[in-house]
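Descriptive analysis of the structure
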Amino acid sequence: MLNILDIIQDWIKGILKDCIMGNLNGLFDQINEQVGDVAASVGQTPAQWNAGVFSMIQSLSETVVVPIAGIIITFVLSYELISMIIEKNNLHDFETFTIYKWIFKAFVAVYLVTHTFDITMAIFDVAQHIVQQSAGIISGSTSMDFAAALGDVEGQLEAMGLGELFGLLVETMLLRVTAPILSLCILLVLVGRLVEIYIYCSVGAIPFATMTNREWGQMGNNYLRVLVALGLQGFFIMICVAIYAVLIGQIGSGANLHIAIWQCAGYTVLLCFSLFKTGAVSKSILNAH
């Protein structure tokens, strides 16, 4: 009777071990691949990421937004001229230099609007250079060896009892479901940042049209801060990935299988949370809103 029970127990343990190994097989591969592509994705400029979308946004800006910006320039410059003239004792102390200053402001305003895309792309070119410089330092660490982190899985499974195997099976099934979701979250952060960049670039001519005015210029100044923040966000994303790689590498192959699995999962959740926070951190540093 005992031999029959042992045989049944070994058979159940064999099934559980096969199920656990099946769940662990490639469990973090999708996340690992997504993380490994972060440097390449973040290092691309808006024009490089999707030429079709970039061309559409540029066309919309030049054909739809720029004419509206021209109307705004007319209003802003008219308001500026009136303010310059009447601020000196209601025309009694009018200075000829005021007209030259107004002409210079008009030239700068028109230049900014007509070169909106050149200016915005220059900002992201600088940001791309920063990301590429950082990627050269940490890109070698973005591909994590989860097999080494988990250690000798089969040896650890062999030493486990039936109850512990059941518990581990539930853990791995839960992680098998959540791993693709975490990978999707990483993808959403990367793509969402670029979509946000396209949205801001599409209407850049309007805030640029206000930058030469003292009262309205806050709109344009804040717009520039947001653009710089979006560019700097790419650098913060690279920092998050570098920290993630170091944390995964420190788990160690000697760790308990339960602890190692949940540490891998926990660090991945932390990575997703950190990536979602990079945009807010970047804007808070530059006081952009």
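These notes cover the structure that comes with them. Sequence order sets the numbering: in each chain, residues are counted from 1 along the sequence as written. pLDDT decides what is reported in this predicted model: residues at 70 or higher carry local features, side-chain atom pairs at 80 or more are listed and counted, and totals for whole chains, interfaces and linings draw on all residues regardless. With hydrogens and water excluded, all non-hydrogen atoms of the structure serve as input to the side-chain values.

Looking now at the packing of aromatic side chains. Remark: the centre distance and the inter-plane angle together describe each pair of aromatic rings, the angle taken between the planes. Each Phe, Tyr or Trp ring (for Trp, its six-membered ring) is paired with any other whose centre lies within 6.5 Å, and the angle between the two planes then decides the class: stacked below 30 degrees, edge-to-face above 60, tilted in between. Taken as a whole, this structure holds six aromatic pairs when the rule is applied. Ring geometry for Phe 54 against Phe 117: centres 5.5 Å apart, planes inclined by 75°, an arrangement best described as edge-to-face. You can see Phe 54 sitting in helix H5 (residues 51–86) and its partner Phe 117 sitting in helix H7 (residues 116–138), a full 63 residues away along the chain. Accessibility classification places Phe 54 together with Phe 117 in one group, the buried group. Following the ring pairs from residue to residue traces out a cluster consisting of Tyr 200, Phe 208 and Tyr 223. Under the DSSP-based scheme used, a helix requires at least four consecutive residues in state H or I and a strand at least two consecutive residues in state E, with every element numbered from the N terminus. Exposure is judged per residue with a 1.4 Å probe applied to protein chains only, and the accessible area is read against the type maximum: over 50% gives exposed, under 20% gives buried, and values in between give partly exposed.

We now examine the nonpolar core. For the purposes of this section, nonpolar cores are sets of buried Ala, Val, Leu, Ile, Met, Phe, Trp, Tyr and Cys residues that join through side-chain atoms within 4.5 Å. Val 38, Ile 186, Ile 237, Leu 271 and Leu 275 are the most contacted members of the largest nonpolar core, which has 20 residues in total. The set of elements that each furnish at least two residues to this core consists of helix H3 (38–42), helix H10 (162–202), helix H12 (217–249) and helix H13 (257–285). With six residues, the single largest contributor to this core is H12. If near-sequence neighbours (up to four positions away) are discounted, Leu 271 is found in contact with Val 35, Ile 186, Cys 240, Val 241 and Tyr 244. Note on contacts: a residue pair is in contact if any heavy atoms of the two residues lie within 4.5 Å.

Moving on: the state of the cysteines. Any two cysteine sulfur atoms lying within 2.5 Å of each other are counted as a disulfide. Within this structure, the stated rule accounts for zero disulfides. Among the cysteines around Cys 272, which has no disulfide bond, Cys 185 carries the closest sulfur, lying 5.1 Å off. Accessibility expressed as a relative area gives 5% for Cys 272, which makes it buried.

A word on H13. For H13, spanning 29 residues, the distance from its first C-alpha to its last is 40 Å, which sits close to the expected 42 Å at 1.5 Å a residue. Take the seven residues that end at a residue and the seven that start at it, fit an axis to each, and the angle between those axes is the bend at that residue. Helix geometry: H13 is bent most strongly at Lys 277, by close to 35°. The positive-phi residue at the C-terminal boundary of H13 is Asn 287, with phi of around 55°. Between the first and last residue of a helix there are one fewer steps than residues, each counted as 1.5 Å, and that sum is the expected span.

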